[in-house]
Amino acid sequence: MQGVYFNSMSSIHVFLKRGEKMPDLNGLRSIKQLSCLNDSMLENLLTITNIIAYKAGDYIFKEGDDAKILYAVIHGKVGLEMEKNSSTRILIDTIIQGMILGFSALVDTEKKSYTTSARVLMDTKLYAWRAEDLETLFSQNCEMGYLFMKRIATIVKTRLQIRNVQFLDIYK
């Protein structure tokens, strides 16, 4: 991980690379799942928005890890993988600019854990939000929480449909 910035609400202390921009409203607007939020909501989200950069080959998280952070791709490409066995990983989906990953941080209720691994396929920069910060923000603005989670539900549905098709393809 390099060129990382986490705001003061995080327990992680990192930094931006020289000349790198802080997160802004236009950047947040580029994330498809955030398009339903108005400027006031985006400004609130901006206060807890972090930026992380990864190199190709890095893992952002692994299947079974505690799910504490939601991510959105600013630029780059991330592969969502599942482990078939100890020597075989299967690419389930590819996440590109403007897409969200790590939604398990928000939707699991008991033990929050990631259901896939996220491997960086090319150098990638991400927005990152701590789940506990999002939950606090959503409890303060229920409309924002509803709109955000409605979009998360759409992502979950779409990825489930993709997995169903992949599963059926195995048995052709």
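One can find the structure itself at the top, above this paragraph.
Below, the structure is looked at part by part.

Here is what the cut-offs are and how they apply
Residues numbered from 1 in each chain as written. Predicted model: local features only at pLDDT ≥ 70, side-chain atom pairs only at ≥ 80, totals over all residues. Heavy atoms only, no water. Buried < 20%, exposed > 50% of the residue type's maximum accessible area, 1.4 Å probe, protein only. Helix = DSSP H or I, 4+ residues; strand = E, 2+ residues; numbered from the N terminus. Arc of directions from axis to C-beta. Phe/Tyr/Trp six-rings, centres within 6.5 Å; stacked < 30°, edge-to-face > 60°. Lys NZ or Arg CZ within 6 Å of the ring centre and 35° of its normal. Contact = heavy atoms within 4.5 Å.

Among the residues making up helix α4 (residues 131–140), those that are buried are Ala131, Asp133, Leu134, Leu137 and Phe138. Looking straight down α4, one finds that the buried residues subtend no more than 160 degrees of arc, so they occupy a single side. Across from the buried face of α4, at angles greater than 90 degrees, the exposed residues are Ser139 and Gln140.

If you walk through the whole model with that rule in mind, you get four aromatic pairs. Consider the rings of Phe61 and Tyr114, whose centres lie 3.7 Å apart with planes at 15 degrees: the pair is stacked. With Phe61 in strand β3 (residues 59–61) and Tyr114 in the loop between α3 (104–107) and β7 (117–130), the pair connects residues that are 53 residues apart, well separated along the chain. Ring geometry for Phe138 versus Phe148: centroids 5.0 Å apart, planes at 45 degrees, classification tilted. One end of the pair, Phe138, is in helix α4; the other, Phe148, is in helix α5 (residues 142–170), and 10 residues separate them in sequence. Considered together, Phe138 and Phe148 belong to a single accessibility category, that of buried residues. The rings of Phe61, Tyr71 and Tyr114 are connected pair by pair, giving a single aromatic cluster. Of note, Lys62 hangs over the ring of Tyr59, and the distance from its end group to the ring centre comes to 4.7 Å.

What follows concerns the environment of Gly98. Inspection of the secondary structure puts Gly98 in the loop between β5 (88–96) and β6 (100–101). Given the relative accessible area of 1%, Gly98 is considered buried. Measuring from C-alpha to C-alpha, the distance between Gly98 and Lys32 comes to 5.5 Å, with 66 residues separating the pair along the chain. Each residue touching Gly98, except ones within four places of it in the same chain, is listed here: Ser30, Ile31, Lys32, Gln33 and Val73.

Fair warning: the whole summary comes from geometry, so function is off the table for now.
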